[in-house]
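Geometric and topological summary
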Amino acid sequence: MNQSSYHDNKILWDEKLPGGHHWSGRIQRGTVLQLEALNQNANLALFCVNSEEKLERFNMPDSLKAQHTAFLSTGHVLYSDLGRVMASIVKDDHGWNDVFCGPSTAAQIEKKYGKQNFQQARNDMFQNGVDSLLVELTKFGLRQADLTATVNLFSKVQPDDNGKLTYLKNDNRHQIIELRFEMDCLVFLSATPHPLDQAETYQPADIQLRLFKANPLTEIDICKDSCPQNQRGFANNKRYYALSN
């Protein structure tokens, strides 16, 4: 199946997320969120929860274990902690999305780039992933305890023989990742630097956001049929929504 066929190519909404900034919103199931990196070394920390049942959230360990992988890319899904599929990665030009390192912290950003607060730089202040995600979570009544592992989209890390992870620089300008949402989700995004990025200056990349209506699932689907566990995950979604209705 051609990857462009997962949505109707008619933009429902679009917005640029400036580098270093954050965003949140409700993304409905049956839509595709397209993310385009607009500069090199882009990083986008993503976290999501079920918009109707906020205690159900993205579960990184289950997502990796169920799909026998150490990263997420095309054909993989994001599982919730109740074994349901929150979103499917139907397109990934980058080919590797880090799930081990989490969002950057205030201490990491200050150690690398110094401190630039709002009083000094206004909207050009140096922001970190954890704090910016927490700002967005509080808008929906969520707290720090609700934030668990994230996905670092557009970022690849590589282990050495001792297990130490290294961030790999990448010119991912105009690379696109598309997430098809299988559940109504609150989505939280932070376009802050990856915690292992060794860039000498604070220059996080802009990210273009676009939303499309998803095409219906076909008999054979790149994510549902990538492994038997994903078929069970989609069956869990079908049961959940049938009983909810």
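What comes next concerns the included structure. (Residues numbered from 1 in each chain as written. Predicted model: local features only at pLDDT ≥ 70, side-chain atom pairs only at ≥ 80, totals over all residues. Heavy atoms only, no water.)

**Topic: the pattern of salt bridges**
Per the stated rule, a full pass over the model turns up eleven salt bridges. The shortest N-O distance in the salt bridge between arginine 84 and glutamate 56 comes to 3.0 Å. Separated by 28 residues along the polypeptide, arginine 84 in the loop between strand S5 (77–79) and strand S6 (85–92) and glutamate 56 in the loop between strand S4 (44–50) and helix H1 (60–67) bring together distant segments of the chain. Of the charged contacts, one joins lysine 139 and glutamate 136 as a salt bridge, the two residues approaching to 3.0 Å between their closest N and O atoms. (Salt bridge = Lys/Arg side-chain N within 4 Å of Asp/Glu carboxyl O. Helix = DSSP H or I, 4+ residues; strand = E, 2+ residues; numbered from the N terminus.)

**Some details on the nonpolar core**
Leu35, Leu44, Phe58, Phe154, Val187 and Ile207 are the most contacted members of the largest nonpolar core, which has 47 residues in total. Here the element with the most residues in this core is S4; it accounts for six residues. Formed by eight residues, the second largest nonpolar core is a distinct cluster that contains Ala66, Tyr79, Val85 and Phe234. (Core = buried A, V, L, I, M, F, W, Y, C linked by side-chain atoms within 4.5 Å. Buried < 20%, exposed > 50% of the residue type's maximum accessible area, 1.4 Å probe, protein only.)

**Quick notes on the side chain of serine 80**
Assignment of secondary structure puts serine 80 in the loop between S5 and S6. Its relative accessible area of 0% is what places serine 80 among the buried residues. Within the local environment of serine 80, its side chain forms a polar contact with the backbone nitrogen of leucine 82, the two atoms lying 3.1 Å apart. Setting aside residues no more than four positions away along its own chain, serine 80 makes contact with Glu56, Arg57, Phe58, Asn59, Asp62 and Met86. (Polar contact = N/O pair within 3.5 Å; in protein donor to acceptor, adjacent residues only side chain to side chain. Contact = heavy atoms within 4.5 Å.)

**With respect to the packing of aromatic side chains**
Taken as a whole and assessed by the stated rule, the structure comprises seven aromatic pairs. Taking 4.8 Å as the distance between ring centres and 70° as the angle between the ring planes, the aromatic pair formed by tyrosine 240 and tyrosine 241 counts as edge-to-face. In this pair, the class of tyrosine 240 matches that of tyrosine 241, namely buried. An aromatic cluster of at least three residues, connected via ring pairs, comprises Phe47, Phe140 and Phe188. Sitting over the face of the ring of tyrosine 241, arginine 29 holds its NZ or CZ atom 3.6 Å from the ring centroid. Residue placement shows arginine 84 over the ring face of tyrosine 240; its charged tip is 3.9 Å from the ring centre. (Phe/Tyr/Trp six-rings, centres within 6.5 Å; stacked < 30°, edge-to-face > 60°. Lys NZ or Arg CZ within 6 Å of the ring centre and 35° of its normal.)

**Notes on the sheet that holds S5**
Hydrogen bonds between backbone groups are what pair the strands of a sheet, and the pairing can be parallel or antiparallel. In spatial order, the strands read S1-S12-S3-S10-S6-S5; together these six strands make up an open sheet with antiparallel pairing. Since the sheet does not close on itself, it has two edges, and those belong to strand S1 (7–17) and S5, each with one partner. Neighbour to neighbour, the strand axes of the sheet diverge by 25° on average, direction disregarded. Pairing between S6 and strand S10 (residues 176–181): five bridges, direction antiparallel. The residue of S10 that forms the bridge with serine 88 is arginine 180. (Pairing = 2+ DSSP bridges. Axes fitted to C-alpha atoms, helices over the stretch in contact; angles between N-to-C directions.)

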